[in-house]
Amino acid sequence: MAFAVIAHYSCDPADEDTVRAALLKMRGHTLTEPGNLGYEVHAEVDRPGGFVLYERYADRAGFDAHAAADYFDELIVRTVRPLLTDRAVTFAQVL
């Protein structure tokens, strides 16, 4: 069964360009993963520094492989997360 991740990220507007660039670079890597079915990055229209990610994987193992990738550590763990003021992640089964 397909597996989805919906992430809401907030950062200071001064850090928005850095977070945006890292998320878009992450999208490029993620779309090449064998277990990935889609990776969309959205900037919130009425909230500077707000982002929404919608990711789909063939299964939970596909997401786990994604999270274990070196570029995930570089771009998300070490670049994006330290700049976030708020982060909420929902994991879901695609029906």
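Up top is the structure these notes are about.
Let me begin by describing the structure that accompanies this report.

Reading guide: rules and limits
Residues numbered from 1 in each chain as written. Predicted model: local features only at pLDDT ≥ 70, side-chain atom pairs only at ≥ 80, totals over all residues. Heavy atoms only, no water. Phe/Tyr/Trp six-rings, centres within 6.5 Å; stacked < 30°, edge-to-face > 60°. Helix = DSSP H or I, 4+ residues; strand = E, 2+ residues; numbered from the N terminus. Buried < 20%, exposed > 50% of the residue type's maximum accessible area, 1.4 Å probe, protein only. Lys NZ or Arg CZ within 6 Å of the ring centre and 35° of its normal. Salt bridge = Lys/Arg side-chain N within 4 Å of Asp/Glu carboxyl O. Core = buried A, V, L, I, M, F, W, Y, C linked by side-chain atoms within 4.5 Å.

## Section: the packing of aromatic side chains
Here is step 1 of the chain: Under the definition given, this model contains four aromatic pairs.
Here is step 2 of the chain: Here phenylalanine 3 and phenylalanine 91 contribute two aromatic rings whose centre-to-centre distance is 5.9 Å and whose plane-to-plane angle is 20°, an arrangement assigned as stacked. Of the two residues, phenylalanine 3 sits in strand E1 (residues 3-11) while phenylalanine 91 sits in strand E4 (residues 84-93), which places them 88 residues apart along the sequence.
Here is step 3 of the chain: Assessed through its relative accessible area of 41%, phenylalanine 91 is described here as partly exposed.
Here is step 4 of the chain: On the basis of an interplanar angle of 65° and a centroid distance of 5.5 Å, the ring pair of phenylalanine 63 and phenylalanine 91 is categorised as edge-to-face. Linking phenylalanine 63 in helix H2 (residues 60-67) with phenylalanine 91 in strand E4, this pair joins segments that are 28 residues apart in sequence.
Here is step 5 of the chain: Connected via pairs of aromatic rings, a cluster forms that spans Phe3, Tyr57, Phe63 and Phe91.
Here is step 6 of the chain: Directly above the aromatic system of phenylalanine 91 lies the positively charged group of arginine 60, at a separation of 5.1 Å from the ring centroid.

## With respect to the pattern of salt bridges
Here is step 1 of the chain: Per the stated rule, a full pass over the model turns up four salt bridges.
Here is step 2 of the chain: Linking arginine 20 and glutamate 16 is a salt bridge whose minimum nitrogen-to-oxygen distance equals 3.0 Å. Of this pair, arginine 20 and glutamate 16 both sit in helix H1 (residues 16-30), four residues apart, roughly one helical turn.
Here is step 3 of the chain: Since its relative accessible area comes to 31%, arginine 20 is described here as partly exposed.
Here is step 4 of the chain: When the shortest N-O distance is used, the salt bridge between arginine 47 and glutamate 44 registers 2.6 Å.

## Some words on the nonpolar core
Within soluble globular proteins, side chains that are nonpolar generally end up buried alongside one another.
Here is step 1 of the chain: By size, the foremost hydrophobic cluster in this structure holds 21 residues, and its most contacted members are Tyr9, Leu23, Tyr39, Phe51, Leu53, Ile76 and Val80.
Here is step 2 of the chain: The leading source of residues in this core is E1, at five residues.

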